[in-house]
Amino acid sequence: MLVVLSLGAGVQSTTLALLACEGVLPRPDAAIFADTGWEPRAVYAHLEQLEGVLAGAGVPLYRVSKGDLRRNAIDPAHRYASIPYFVRNPDGSHGMGRRQCTAEYKLAPINRKVRELLGATPPQFRRVPAGRMAQQWIGFSTDEVHRVSDKHRVSYLQPRYPLLELGMSRKDCHRWLRTRGWTTVVKSACIGCPYHGNRQWRHMRDHQPDEWADAVAFDHAIRKGGARGLPLNGQAFLHRSRVPLDIAPIDHITRTEWAQRQTNLLDHLADLNAGLDIDEHGDPDGCSPYGCRSGHPTTNPNLSEGAA
């Protein structure tokens, strides 16, 4: 049984990695990071630091990639993997693009690497030899138990959720990381992820102007959907307001954010409110490869072609 950690380089998976390095959890045989090519610089910097710690504990980190998601999404010569854009239809109704980017740019390369490590035949690594399995650690915390699903199960992978076994929430992970000096772990998501909330967009605009300019340019480029195939009947946007990102209403500050700027005495109030304002905090399910349900189901039959 091979033990692999799916390392997104966010709060929960970083906690898992460091718990293993400290011996609280057994040491995995490998950690795998799926690189979409469009992560913020802060994520890549954090990954470099984490790679050194893992190496010191004897855990190799494999970076796998399907290519540059940003470039491929607007390249008419490349196969298009749909991103969950916010769509405004000609009749004024709203829809959302299908989510294929996670499956193609995260799940597929991770699973391919697992098959390779299990001894699948090169160069395609499609068939795992009989009797070989991998236990895959996934960093769902207790506040994300609803994300546990068999939707993406494959025969050679056995999922395990160590944070659930330890009873650790995302807040617990933050606190545990702070006690060890890891105070700058950021959420791992593409620069132009539609699941960002206003707070994330504001932080990018105010502190990462190059990344903000990149997201704004991409937002303008995807107005009719992907560059390949039939264009949308309506228009696609990165921001849930369905207006161009550079003029989107991202400056609203909720009382949750004000509370979190004050003192730890207000942590409880912040916890109660976090996630209730999807505009401010982003989608509560975010962009995990293993919890691929996000947002509220849409049943409008008049959605644009390619929306769901």
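Residues numbered from 1 in each chain as written. Predicted model: local features only at pLDDT ≥ 70, side-chain atom pairs only at ≥ 80, totals over all residues. Heavy atoms only, no water.

1. Focus on the nonpolar core
In this structure, Leu69, Ile83, Tyr85, Trp201, Trp212, Phe218 and Leu245 are the most contacted members of the largest nonpolar core, which totals 29 residues. In terms of residue count, the dominant contributor to this core is helix H8 (residues 209-221) (four residues). With 28 residues, the next largest nonpolar core counts Ala20, Leu54, Leu163 and Met168 among its residues. (Core = buried A, V, L, I, M, F, W, Y, C linked by side-chain atoms within 4.5 Å. Buried < 20%, exposed > 50% of the residue type's maximum accessible area, 1.4 Å probe, protein only. Helix = DSSP H or I, 4+ residues; strand = E, 2+ residues; numbered from the N terminus.)

2. Looking at the sheet that holds strand E1 (residues 2-6)
On the basis of which strands lie adjacent, the open sheet formed by five strands has the order E3-E2-E1-E6-E7 and parallel pairing. Of all the strands in the sheet, just strand E3 (61-64) and strand E7 (157-160) have a single pairing partner and so form its edges. Taking the axes of each pair of neighbouring strands and ignoring which way they run, one obtains an average angle of 30 degrees across the sheet. Across four bridges, E1 lies against strand E6 (residues 134-137) in parallel orientation. Looking across to E6, one finds that Val4 is bridged to Gln136. Running at roughly 140 degrees to E1, helix H1 (residues 11-21) makes contact with E1 and E6 of the sheet. (Pairing = 2+ DSSP bridges. Axes fitted to C-alpha atoms, helices over the stretch in contact; angles between N-to-C directions. Contact = heavy atoms within 4.5 Å.)

3. Side note on the packing of helix H7 (residues 198-207) against H8
Relative orientation of the contacting elements H7 and H8 amounts to 120 degrees, with a least axis distance of 5 Å. Relative to H8, the element H7 is oriented oblique. As H7 packs across H8, the resulting crossing turns out to be left-handed. Between H7, through Trp201, Met204, Arg205 and His207, and H8, the contact on the second element is made entirely by Pro209, Glu211, Trp212 and Ala215. A class-by-class count of the residues in the contact of H7 with H8 yields five nonpolar, one polar and two charged. (Parallel < 35°, antiparallel > 145°, perpendicular 65-115°, else oblique. Left-handed = near helix turned anticlockwise from the far one by under 90°. Nonpolar A, V, L, I, M, F, W, Y, C, P; charged D, E, K, R; others polar.)

4. Quick look at the pairing of E1
With respect to burial, E1 is a largely interior element, five of its five residues being buried. Neither face of E1 is exposed, since Leu2, Val4 and Ser6 on one face and Val3 and Leu5 on the opposite face are all buried. As paired strands, E1 and strand E2 (residues 30-34) are joined by three bridges and run parallel to one another. Following the sheet pairing, Leu5 is matched in E2 by Ala31. A crossover connection joins E1 to the parallel E2 through H1; in handedness this β-α-β unit is right-handed. (Right-handed = clockwise from strand over helix to strand, strands pointing away.)

5. Overview of the side chain of Glu104
The residue Glu104 is located in helix H4 (residues 101-117) in this model. If we skip the residues at most four places from it in the chain, Glu104 touches Lys66, Arg79, Ala81 and Pro109.

These figures come from the coordinates and say nothing about function on their own.
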